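# Structural overview
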Amino acid sequence: MTETRALLLAGQPNRAPARKWPMTVLGVVFLAIMVFPIYWMINSSLQANSGAASTAWFPIHPTLSGYAAALRQQGGNLVTSLIIALSAVVLTLVVATPAAYGLARFRMRGMTVFVLVLLITQMIPTIVISNALYALFNDWGLLNSYLGLILADSALQIPFAIILMRAFMASIPQSLVEAALVDGANNFRAFLAIVVPISKNAIITAALFTFLGAWGDFLLALTLTSTPAVRPITLGIYNYIGANVTQWGPVMATAVIASIPAGVLLIIAQKYIAAGALGGAIK
Amino acid sequence: MKKSRTIVAIAAASAISLSLAACSSGSSASAGGKQTLTVEDYYSSDPSMSGYNSIYTSCGAEVGAAINPVHIAGASLIQKVLQQASSKTLPDVLMLDNPDVQQIAATGALAPLTDFGVSAPAGDVPGVLKAGTYKGELYGLAPVINSIALYYNADMLKAAGVTPPTSWDELKAAALKLTDKSKGVYGFAMSNINTYEGTWQFLPFLWTNGGDEKDINTPEAAQALQLDVDLQNDGSMSKSSVNWSQQDVNNQFVAGKAAMMINGPWQLPVLNATKGLNFSSVPIPTRTTAQTVVSPLGGETFNVPNTGDKKKMGLAGKFVACLNKPATQLKIAEISGNVPSDQASAADWAKSHPQVQAFTDTVKTARARTGELGDKWPTAATAIYTAVQLALTGKADPQDALKQGQAQNK
Amino acid sequence: MTTTSVDAGLAQRSAPPTHPTAAPRRRAHLGRYLARWLFVAPAILFVLVFFGYPIVQNVLMSLQDYTTTTFYTGEAPWVGFANYATVFSDPVFVTAVINTALFTIGSIVLQFGIGLGLALFFKRNFPLSGFLRSLLLLPWLLPLIASAAVWKWILDQGSGALNGFLSIFGVQPVPWLVSPSLALIAVIGVNIWLGIPFNTTILYTGLQAVPEELYEAASLDGAVGWRAFRYITWPSIRSVVSVVIVLGVVYTLKVVDIILGLTGGGPANSTQTLATWAYQNSFVKFAFGQGAAISNVLIVVSLLFALVYLYINRKGVDE
């Protein structure tokens, strides 16, 4: 917390970039600490016999054999993960965005109760959900299917997406929407034409979280699939580790490869968040 | 307005992609008029996965069935089996780790193998029959088995002028001599982790010395635990052993950071693949030379679940019998590094594979973990690793640790 | 008007006025009422199926003698609160409650503190700030199993990178995951590392929404630095802070995977939390009824926390 304070005391943003390079240095130091474990992962993915006992500080004799093995064995799973995560993002946004707006704007008694219910959903351990879903999905024929995992992944992310977007949408001035209503638009029109564009940043943030949640899901995939037909990358890695891992190089290589597509999307999304459009729109 | 139309378009497109996704996940078609047996195991990674697949195919051909193998990742197999039991979607043939057989048999989900005229091959070691039997009925048979022994780094022992230990005192002395703090080398390594793996590694010391899982609060058990604690307090065994799985232990050994370790034959492929590692193995040392080592029996059994389809279950029974024929046992031993259950085959196997000698000797007297307590074993196993952890972390002395452990052993 | 919403800031806005007048108006009113619910209806459906059903099942399970046999036969005798009695009388329960409290408080305080610090730091738009901020999210992209494995190596007493680094300064090897007194601290540390990207991202997005003019106006009044933070930044991001803290606590209470990956709840139960203990009861010991009972205790604790927090927070806004 002292650190926070020091930053605050440093004063208001000044607009001379030349004087800000020391902050970049500080940023790099923070980051170095945060990403060291990732360096370690990449480092060990490049070493032939890495493991707790034998990973060197630097990959002096790097080998790409881990990556070759990972791509050969896990390439398909990577595509599966992408399909599932992207579909989950779309489905989640389609369900959560209107709900977030509805809950932020219409103050009816049932709705405030529902907000509390949304919060409660976040308290339920995933394992409890996945167990119950197994029986349900078995009856519905959704085990081992893309649709099943997309539905389940979305379902898990929807409450959070609503809570997040609602917090932002609450700050949209009523007057903006009411102006549109006076012009004859119905609520849904007003929502699409005014609320969605203004909330672009919040929506992208929610999309990002949903993507990461679905991408990183492991428990649902483990419970709801049993064949290689639909196998996300997290499960691929888990199976790879299996009962007895002997070579961590390829496992870590898979982990590194698995984070690339998500990383690219993240950097793209970050630009939108940084644009500050939400703040700008309310002015 | 343009934006809103885009969103509607995306929504529509997603609905299409969802419905397409639903179609693409069809069920696997059955081959020709033949019955298809679904075989579920936890060999989820190669080389064992493809190795077992080929064995399944050949046994399938022998009994006249097509095979649909399903590989569930190790730790989640039991969970999956229970879910399948509740939704009546059990496979036709189910592989189980042997200490789980009685637990699952107790639910009624498994059919006795004798219903299909299958009995244990005459030459199998006694532990196999015991592990697969629940309330007098045989439910599972393991084609190959394993146990644990003491591996040692031959070069390190030679350099230190140490011979492989046979008694606890020799073990302690050798471990101390082999320890080289300056190089970060420990004389001895084993897994004392808070899972059933930790229990499994401690059992040879407990059982050989006359300890028993029914009551672990005994002087015999205390002696065994004292050995474990001594090895650590002498500095011969890393304090990290309370967090090490057997795989971590093997990694230490491979990296040259442990001169001796307790481990199983399934590590042989990795050990052999390590360049410059000159190793061998002996049975686990006993407290006195008069004692015979009693190790836990390891290995996976094949079982026939009660699916309700009598015809398929009969076929599955034949399939399990085929897997357990001595000839198949040898083939499975080849791909898994384990020991054939049939004693004569095991003896032949040891001749052609001298590295497994210590294990073929040990499994003869190996004891099934569920032999005494049956489906109550998990409670005892938890009590044992709890006591080991309490003692090694210094929260209690061995005697007190075992007393606390026993308090949970009900 | 009462509100139990996450962001009590909403309470300031009033409900749209209603006009109880003639019949056509009433029908139009009903239509509008339904239209409003249509916004939320799909979400309600999802929540009922994917959360309502499991929670009901879990509550039933905790009142039954639910064993492995139940899965096959479907028979589970009612035992009332016997599972709860067993759980509460187990000595591990007290340990797990204390560990859960320490784990949650330690994680949240530092995750939030560091996350807010980084969010404020990155808001200052120095060269490469956007790029560095994106990289900050990297820890999140990695599969948790891989992260846990890597951290386990880094924290290894004998050959871990952390002790290797500390030894440069002459520090003796620290038994991070081995000593019962340090293991919990180490696990909290790793959990903080995992939580920083979440906190930073949400708080940063919240900071972005604070209009720049507010600061400009305030600086004319001499409110800069700490005072600007106290009187402008903090009140503006208050609703976002509520979301971050409430969700942070709720998520931290149910963390299982990272603890299982690092220590499995050990050594000697020193990192056993209610969540990992529930997992162990259900899936290692197959005592499903007791596992469900512990999960329910956990859910109730989360709920109590959330309600208390929201209550206090509402008071704060009303001031």
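Reference entry: report on the structure contained in this document.

About the cut-offs
Residues numbered from 1 in each chain as written. Chains lettered and ligands numbered in written order. Predicted model: local features only at pLDDT ≥ 70, side-chain atom pairs only at ≥ 80, totals over all residues. Buried ≥ 20, exposed ≤ 12 C-beta atoms within 10 Å, placed from the backbone. Helix = DSSP H or I, 4+ residues; strand = E, 2+ residues; numbered from the N terminus. Arc of directions from axis to C-beta. Contact = placed C-beta atoms within 7 Å. Nonpolar A, V, L, I, M, F, W, Y, C, P; charged D, E, K, R; others polar. Pairing = 2+ DSSP bridges. Axes fitted to C-alpha atoms, helices over the stretch in contact; angles between N-to-C directions. Parallel < 35°, antiparallel > 145°, perpendicular 65-115°, else oblique. Left-handed = near helix turned anticlockwise from the far one by under 90°. Core = buried A, V, L, I, M, F, W, Y, C linked by C-beta atoms within 7 Å.

Quick look at helix H7 (residues 168–178) of chain B now. All names here are of chain B. Where H7 is concerned, the buried positions are Trp168, Leu171, Ala174, Ala175 and Leu178. Down the axis of H7, the smallest arc covering the buried residues is 125°, so these residues share one side. Lining the buried residues of H7 we find helix H6 (154–160), strand E9 (186–189), helix H9 (219–233) and strand E10 (258–263).

This brings us to the interface of chain A and chain C. Quoted interface sizes are often the accessible area lost when the parts come together. Listed as interface residues are 96 residues of chain A and, on the opposing side, 90 residues of chain C. Looking at the side of chain A that touches chain C element by element, the count peaks at 13 residues for helix H2 (residues 21–45) of chain A. Across the side of chain A that touches chain C, the residue classes tally to 69 nonpolar, 22 polar and 5 charged.

Next up on the list: the pairing of strand E1 (residues 35–41) of chain B. In the sheet, E1 of chain B pairs with strand E2 (residues 65–71) of chain B via 7 bridges, with the strands oriented parallel. Across the sheet, Val39 of chain B pairs through a bridge with Pro69 of chain B, a residue of E2 of chain B.

This part takes up the packing of helix H2 (residues 48–63) of chain B against helix H12 (residues 310–323) of chain B. When two helices pack together, you describe them by how their axes are tilted relative to each other and by the distance separating the axes. Residue and element names in this part refer to chain B. H12 packs onto H2 with a crossing angle of 125° between their chain directions and a minimal axis gap of 9 Å. Taken as axis vectors, H2 and H12 run oblique relative to one another. As for how H2 packs across H12, the hand of that crossing is right-handed. Residue-level contacts link Cys59, Gly60, Glu62 and Val63 of H2 to Leu315, Lys318, Phe319, Cys322 and Leu323 of H12. Partitioned by chemical class, the residues of the contact of H2 with H12 number 6 nonpolar, 1 polar and 2 charged.

This part takes up the pairing of E10 of chain B. On a regular strand, one side chain projects to one face of the sheet and the next to the other, so that they alternate. Residue and element names in this part refer to chain B. Within E10, 6 of the 6 residues are buried, which leaves it mostly tucked inside the rest of the structure. Sheet topology places E9 next to E10; 3 bridges connect them, and they run parallel. When the bridges of E10 are listed, Phe188 appears paired with Met260.

In terms of nonpolar packing, the biggest core is built from 307 residues, with Ala96, Ile162 and Met165 of chain A together with Val320 of chain B touching the most fellow members. Looking at this core element by element, the count peaks at 18 residues for helix H6 (residues 146–169) of chain A. The contacts of Ile162 of chain A, once residues within four sequence positions are left out, are Ala96, Ala99, Ala100, Leu103 and Leu118 of chain A together with Ala43 of chain C.

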